[in-house]
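Spelled out, the chains give:
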Amino acid sequence: MKRFRLALKSILPLAIIDLRYRVRDIRVSLGVRRKYGNSSYVSDLMATLRAFIRPGKTILYYPERPPVNMAEYKLCALLGYAITVNPNHRFDVAFKYKDATFTDPDILKVIPTDRSMIINGHSLDISKHAVGAVFAKVFGYDLEVDPTQYDGNIVEKSNKNGTHDGRIIQGRISPEDIKPGCVYQKAIDNESDKEGFVLDYRVPIHKEQIPLVYRRYHPIENRFSENAFVEVEETADIFSAEELDKLTLLTKKMSVDYGELDVLRDKDGRIYVVDVNNTPAGPPKKLPNQACRIALKRMSKSFAQMLDGRRT
């Protein structure tokens, strides 16, 4: 299917592809509003058609279009914003969207605005090495370890984003056992107060705002698996003011205007940012639908404020 889409893009003009997707958005956006909104069918239908004919804003996503399971797609649908992938189309805000660990900045040259005005326009490296290096500078303690010198549990995982291939090994290891393309991080003791589960926090970032925090629970015996269950929490109930300042500083240093962080709290009380994602899906799987509605409603406000501050 992906090969078919790529072949189609190479044949059809971008304007036709863009229109085709925008027409499809009528049906999909209506489904989003029906599932996560709180209005009648007629109201949702009228709002969806209005967004197609005269949207509140038109957001340029480039070089890729966010899939329908991405958080920003749902937020645009709920806010009545249109999405385009055509840089020659009129737009209000530009968004760099590339589901990749590394991005070539030259791909953004076709967008008729300065790269500093493009949301995530300078977010070009979200590798685990990059996260570990910036984390150490901001927080003053290390996440990455030398596996040949570290005595204790170590997480071995790919340097690339979104691979979900983490595993725990025992340090020290011999130099020949180091895998190319992997990073080695301190294994955080994040066992939760719910017996049999570890806990991590998924933290949405909308410029310098953190509208909420997801508490995600995983079985101890399979801590790198999908969520067992998820809860929504107030940001101030999870992190101190100092921690929040450091989290927003980390995202600023990584040039992530919009995204999500994966944060673990060790038994010693310190937090660790183990992943930064600038193309987040969401809300997380296993979050009840009513909680999804609450989360998206809250994120809609900070998302809209972020876009208002970055108009072309």
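Everything below is about the structure shown above.
Below you will find a few notes about this structure.

1. A look at helix α5 (residues 128-139)
- Over its 12 residues, α5 extends 16 Å from the first C-alpha to the last, a length consistent with the 16 Å expected when each residue adds 1.5 Å.
- Buried residues along α5 sit in contact with β4 (152-158), β6 (182-186), α7 (241-253) and β11 (271-277).
- Looking one or two residues beyond α5, the residue adopting positive phi is Gly140, at roughly 85 degrees.

2. Things to note about the packing of α5 against α7
- Closest axis-to-axis distance for the α5/α7 pair is 10 Å, and the angle between their directions is 135 degrees. Between α5 and α7, the angle falls in the class oblique. At the point where α5 passes α7, the crossing takes the right-handed sense. Residues Val134, Phe135, Val138 and Phe139 of α5 touch α7, and the partners they reach there are Lys246, Leu247, Leu249, Leu250 and Lys253.

3. Notes on the packing of aromatic side chains
- Here the structure, examined in full by the defined rule, presents 13 aromatic pairs.
- Ring centres 4.6 Å apart and planes at 20 degrees place the aromatic pair Phe135 and Phe139 in the stacked group. Taken as a pair, Phe135 and Phe139 lie in helix α5 at a separation of four residues, close to a single helical turn. Each of the two residues, Phe135 as well as Phe139, counts as buried.
- Ring centres of Tyr141 and Tyr272 lie 5.2 Å apart, and the angle between their planes is 75 degrees; on these two criteria the pair is classed as edge-to-face. Taken as a pair, Tyr141 in the loop between α5 and β4 and Tyr272 in strand β11 lie far apart in primary sequence, 131 residues in all. For the pair Tyr141 and Tyr272, a shared accessibility class is recorded, and that class is buried.
- Counting every residue linked through ring pairs, the aromatic cluster contains Tyr61, Phe95, Tyr97, Tyr258 and Phe303.
- The ring of Tyr21 has Arg20 lying over it, and the distance from NZ or CZ to the ring centre is 5.3 Å.
- Positioned above the aromatic ring of Tyr141 is the side chain of Arg270, whose terminal nitrogen or guanidinium carbon lies 4.1 Å from the ring centre.

Reading the values: rules and limits
Residues numbered from 1 in each chain as written. Predicted model: local features only at pLDDT ≥ 70, side-chain atom pairs only at ≥ 80, totals over all residues. Heavy atoms only, no water. Helix = DSSP H or I, 4+ residues; strand = E, 2+ residues; numbered from the N terminus. Expected span 1.5 Å × (residues − 1). Contact = heavy atoms within 4.5 Å. Axes fitted to C-alpha atoms, helices over the stretch in contact; angles between N-to-C directions. Parallel < 35°, antiparallel > 145°, perpendicular 65-115°, else oblique. Left-handed = near helix turned anticlockwise from the far one by under 90°. Phe/Tyr/Trp six-rings, centres within 6.5 Å; stacked < 30°, edge-to-face > 60°. Buried < 20%, exposed > 50% of the residue type's maximum accessible area, 1.4 Å probe, protein only. Lys NZ or Arg CZ within 6 Å of the ring centre and 35° of its normal.

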